[in-house]
Amino acid sequence: MSAPSLANYIVKRPWLNRWMMPLAQWYTDAAGYRRIGLRADDLIPEESETVQTALKRLPPKEAYDRVFRIRRAFQCSISHQLLPAAEQTKPSEDVEYLSPIIREIEKEQQERVDLDTLIVKR
Amino acid sequence: MLSRSTFSRNAPRALQKQCSAAGANSRRSMASATTPGLQYDVTESAGVKVANREVAGPTGTLALVAKAGPRYQPFPGFSDVLEQFAFKSTLKRSALRINREVELLGGEVSSTHSRENVVLKAKFLSNDLPYFAELLAEVASQTKFAAHELNEVILKTLKYRQQALAANPEAVALDVAHVVAFHRGLGESITPSTTVSFEKYLSSEALAEYAQQAFAKSNIALVGSGPNSAEVSKWVGDFFKGVPSTGSSAGYQLKQNTASQYYGGEQRISSKTGNAVVIAFPGSGAFGTPAYKPEASVLAALLGGESTIKWTPGFSLLAQATQGFSQARASTQNLAYSDAGLFTITVSGKADQIASVGKNAVDLLKKAAAGEISGEEIKKAVALAKFRALESAQSLETGLEATGSALINGYKPYQIGEVAQSIDAVTEAQVKDVAKSFLSGKASIATVGDLFQLPYSEDLGLTV
């Protein structure tokens, strides 16, 4: 699911993390999805078996909010407008809600593969 | 070369010789009252009641019996779902992993529920006892109750189970007979029917709370059958330490254990899947309980309906009476519970034949009440009832649950010798009295199928 990233490498080193954080925040803000009210997890491509399963496992409220955000962003995109500042996603609201479920499903799939290719030594 | 005919002629004789060489004593040991290997050694380790019967052999069985069947569930469907959540993902390992590990060890795990109990059972090679004791403890105390497992797996299978039940008119009628006879408690249906809206009560959190109560130490018993009792209680003590001794006092409590009361009545349900009539009376409770009446099980064997021998209707009165009706089937049973019992006559088949067979059954019951049954027949019935009671105690399927249930409820577990004695002591007069009491009291009648043709209780000659 996830693309190769240096994030783990950086987070493990506090000095580097402190260095990179302002840069990361600037970059995320500049990406612009927050201005149309989306969260980072809304941008995950849906066209895969794993993400489809994860979407089905979302709690009903989360699933409703996600659809709402996506439709609002769609409207903004069509009308070439940004949301008023009060309605834009704040950095504190931009949390992972789908990725944990996706990671869990990937772990399940990996476990199945591991068990299927298991060699038992007695 | 050996010709086939000589070999086949001699083989049985050779076998016979071997058997007799093994000694007449070992073969006849079933008759003695204190049969070693059929008595349960009851102990308590880590606050959990453990019973084991020592049977020499390479395999063993361990079952966890929890007093959490539909009788004790707070909302419909809970014990069904709890049963199906057994061996699903726990905090330590996933359902898939449990499955594969059990496969590698060559064991077998299953879960079932009856009206009173949820039973988790594991069968295994006796060396693997510690693994399966740990597994049962883990399932009891650390199951995750993941919402997605409930939605993706369990609710789907539950739907099929409901459909299977709805397609079986006999099962529906038996369920309805329980409702009519006991209202709540034992009357709760064993699987919610397709029209019950159980989903609105059900959530994984509610179920987790219910499970905590259901699998609390005071509410479970472990029953085993394996080569070594000491080992069983040792490992159970080791692994069940972590199981909570009482559940939290949250919203989803087990239902209080109120004594069952018999009501009686009639209910008719139309169905296209087939026809069945269940005629029920207050029967005998399980052995060791105050409601235990061995004469009811003798009467059940006397009325019978199903032959125990091939190609003959058998001696039972109902079977004799239904010989002319090829498209109807009758059977009599005494369903024993921890504080009550239900004596049921089930008739199923073609609607027009059910009416006459049902009438015959009631007439036979009246004959038994009038004492018009010969002593010879009753002797046969006593023998059959004794065989059935002992056989069910001996077989793993029924014996484990019966023993566990007795332990949790504080009654004495099945004692083979005493069961045999109590049934032997049944007299003709007792059988007559019990039949009389059935007819003088209220019956419970459940009718499922083509209601246009199926009889009412008045047509059968019963009062409701």
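The structure displayed is predicted, hence computed values, not measured ones.

1. Section: the overall build of chain A
Logical step 1: Looking only at helices and strands, one finds 5 helices and 0 strands in chain A.
Logical step 2: Moving toward the C terminus, one meets the helices and strands of chain A in the order α-α-α-α-α.
Logical step 3: In terms of overall size, chain A is more extended than a compact globule, its C-alpha atoms giving a radius of gyration of 18 Å where 122 residues would be expected to give roughly 14 Å.
Logical step 4: Its C-alpha atoms give chain A principal-axis dimensions of about 65 × 40 × 20 Å.
Logical step 5: Considering chain A as a whole, with its 122 residues, one finds that 8% of them fall into the buried category.

2. A word on the overall build of chain B
Logical step 1: Within chain B, the secondary structure is distributed over 17 helices and 11 strands.
Logical step 2: Here the C-alpha coordinates of chain B stretch approximately 70 × 60 × 50 Å along the principal axes.
Logical step 3: With 464 residues in all, chain B has 46% of them scored as buried.
Logical step 4: Within chain B, contacts between residues separated by at least 24 positions form 78% of all contacts whose residues are at least 6 apart in sequence.

3. As for unusual backbone geometry
Residue and element names in this part refer to chain B.
Logical step 1: Of note, the phi angle at A46 is positive, near 55 degrees, even though the residue is not glycine.
Logical step 2: Looking at A46, the number of C-beta atoms within 10 Å reads 17, which means it is partly exposed.
Logical step 3: The backbone phi angle of F145 is positive, close to 55 degrees, even though this residue is not glycine.
Logical step 4: Residue position: F145 is located in the loop between α5 (129–142) and α6 (147–166).

4. Looking at helix α4 (residues 60–78) of chain A
Logical step 1: Here α4(A) contains 19 residues, and its C-alpha end-to-end distance of 27 Å stays within 8% of the 27 Å for a straight helix at 1.5 Å per residue.
Logical step 2: Looking one or two residues past α4(A), A:H80 carries a phi angle of roughly 50 degrees, positive in sign.

5. Some points on the domain arrangement of chain A
Logical step 1: Annotation of chain A at the domain level lists domain 1 (1–31) and domain 2 (33–117).
Logical step 2: Domain 1 of chain A and domain 2 of chain A are separated by 20 Å when their C-alpha centres are compared.

6. Digging into the nonpolar core
All names here are of chain B.
Logical step 1: Core analysis: the biggest nonpolar cluster contains 132 residues, and L136, L302 and A361 have the highest contact counts within it.
Logical step 2: Counting residues per element, this core draws most heavily on helix α12 (residues 351–370), which supplies 10 residues.
Logical step 3: Taken domain by domain, this core gets at least three of its residues from each of domain 1 (41–240) and domain 2 (265–460).
Logical step 4: Not counting residues up to four positions away in its chain, the partners in contact with L136 are L62, L64, L120 and A122.

7. Examining the sheet that holds strand β2 (residues 48–54) of chain B
Residues and elements named next belong to chain B.
Logical step 1: Reading across from one edge, β1-β2-β6-β3-β5-β4 is the order of the 6 strands in this open sheet, with mixed pairing throughout. Only two strands of the sheet have a single partner each, and these edge strands are β1 (41–45) and β4 (108–113). Here the average twist between neighbouring strands, direction ignored, is 20 degrees.
Logical step 2: The sheet contact formed by β4 and strand β5 (residues 118–125) spans 6 bridges and is antiparallel.

8. Considering the pairing of β5(B)
Residue and element names in this part refer to chain B.
Logical step 1: In terms of residue burial, β5 counts as a mostly covered element, since 6 of its 8 residues are buried.
Logical step 2: Here 8 bridges tie strand β3 (residues 59–66) to β5, and the two strands are oriented antiparallel to one another. If you follow T59 over to β5, its bridge partner there is L125.
Logical step 3: Adjacent in sequence and paired antiparallel, β4 and β5 are bridged by 4 residues.

9. Points about the UniProt feature "domain: Peptidase M16 N-terminal" (unreviewed entry) in chain B
Logical step 1: UniProt annotation of "domain: Peptidase M16 N-terminal" (unreviewed entry) refers to residues 56–188 of chain B when read in the numbering used here.
Logical step 2: Span residues 56–188 of chain B is 50% helix and 17% strand, its end C-alpha atoms 40 Å apart.

10. Some remarks on the domain arrangement of chain B
All names here are of chain B.
Logical step 1: Domain annotation for chain B reports domain 1 (41–240) and domain 2 (265–460).
Logical step 2: Using C-alpha coordinates to define each centre, domain 1 is positioned 28 Å away from domain 2.
Logical step 3: Contacts between the two partners involve 29 residues from domain 1 and, on the opposite side, 32 residues from domain 2.
Logical step 4: Tallying contributions element by element places helix α7 (residues 169–182) first for the side of domain 1 that touches domain 2, with 10 residues.

11. Structural notes on the interface of chain B and chain A
Logical step 1: On the side of chain A, 6 residues touch chain B, which itself brings 6 residues to the contact.
Logical step 2: Per element, the largest residue contribution to the side of chain B that touches chain A is 4 residues, and it comes from helix α4 (residues 95–105) of chain B.
Logical step 3: Looking at the side of chain B that touches chain A, its residues break down into 2 nonpolar, 2 polar and 2 charged.

12. A closer look at the confidence of the model for chain B
All names here are of chain B.
Logical step 1: Averaged over all residues, the pLDDT of chain B is 86; the fraction at 70 or higher stands at 91%.
Logical step 2: Contacts for the low-pLDDT stretch residues 1–36, under 50 throughout, to residues beyond four places or in other chains number 8 contacts.
Logical step 3: Here the complex is predicted with pTM 0.85, and the ipTM for its interfaces comes to 0.83.

13. Let's talk about the sheet that holds strand β10 (residues 341–349) of chain B
All names here are of chain B.
Logical step 1: Here we have 5 strands laid out as an open sheet, ordered β7-β11-β8-β10-β9, and mixed in their pairing. Lying at the two open borders of the sheet, with one neighbouring strand each, are β7 (265–270) and β9 (328–336). Taking each pair of neighbouring strands and ignoring which way they run, the sheet shows an average axis angle of 10 degrees.
Logical step 2: Pairing geometry for strand β8 (residues 275–282) and β10, over 8 bridges, is antiparallel. Across the sheet, I279 pairs through a bridge with I345, a residue of β10.
Logical step 3: Its contacts with the sheet put α7 on β7, β8, β10 and β11 (444–449), and the angle it makes with β11 is roughly 150 degrees.

Conventions used here
- Here the residue numbering is sequential within each chain, running from 1 through the sequence in written order.
- Chain letters start at A and ligand numbers start at 1, both assigned in the order the entries are written.
- The predicted nature of this model means local features are confined to residues of pLDDT at least 70 and side-chain atom pairs, given and counted, to a pLDDT of 80 or more, with totals for whole chains, interfaces and linings taken over all residues.
- Secondary structure elements follow DSSP: runs of H or I no shorter than four residues count as helices, runs of E no shorter than two count as strands, and numbering proceeds from the N terminus.
- Note that the radius of gyration is over C-alpha atoms, with the globule rule given as 2.2 Å times the number of residues to the power 0.38.
- Burial in this document is a count-based property: other C-beta atoms within 10 Å of a residue's C-beta are tallied, and the residue is buried at 20 or more, exposed at 12 or fewer, or partly exposed in between, with C-beta positions derived from the backbone.
- Residues are defined as contacting one another if the C-beta atoms placed from their backbone atoms lie within 7 Å.
- To estimate how far a helix should extend, the number of its residues minus one is multiplied by 1.5 Å.
- Residue ranges assigned to the domains are those given by an automatic or database domain assignment.
- By convention in this section, buried Ala, Val, Leu, Ile, Met, Phe, Trp, Tyr and Cys residues joined through C-beta atoms within 7 Å make up a nonpolar core.
- Strands pair, by our definition, only if DSSP identifies at least two bridges between them.
- Axis angles are defined between N-to-C directions and span 0 to 180 degrees, where every axis is a line fitted to C-alpha atoms and, for a helix, only to the segment in contact.
- UniProt positions are given in the numbering used here, feature names are shortened, and annotations may be inferred rather than shown by experiment.
- Here the term charged refers only to Asp, Glu, Lys and Arg, the term nonpolar to Ala, Val, Leu, Ile, Met, Phe, Trp, Tyr, Cys and Pro, and the term polar to all other amino acids, Gly among them.
- Predictor confidence is given residue by residue as pLDDT, running from a minimum of 0 to a maximum of 100.

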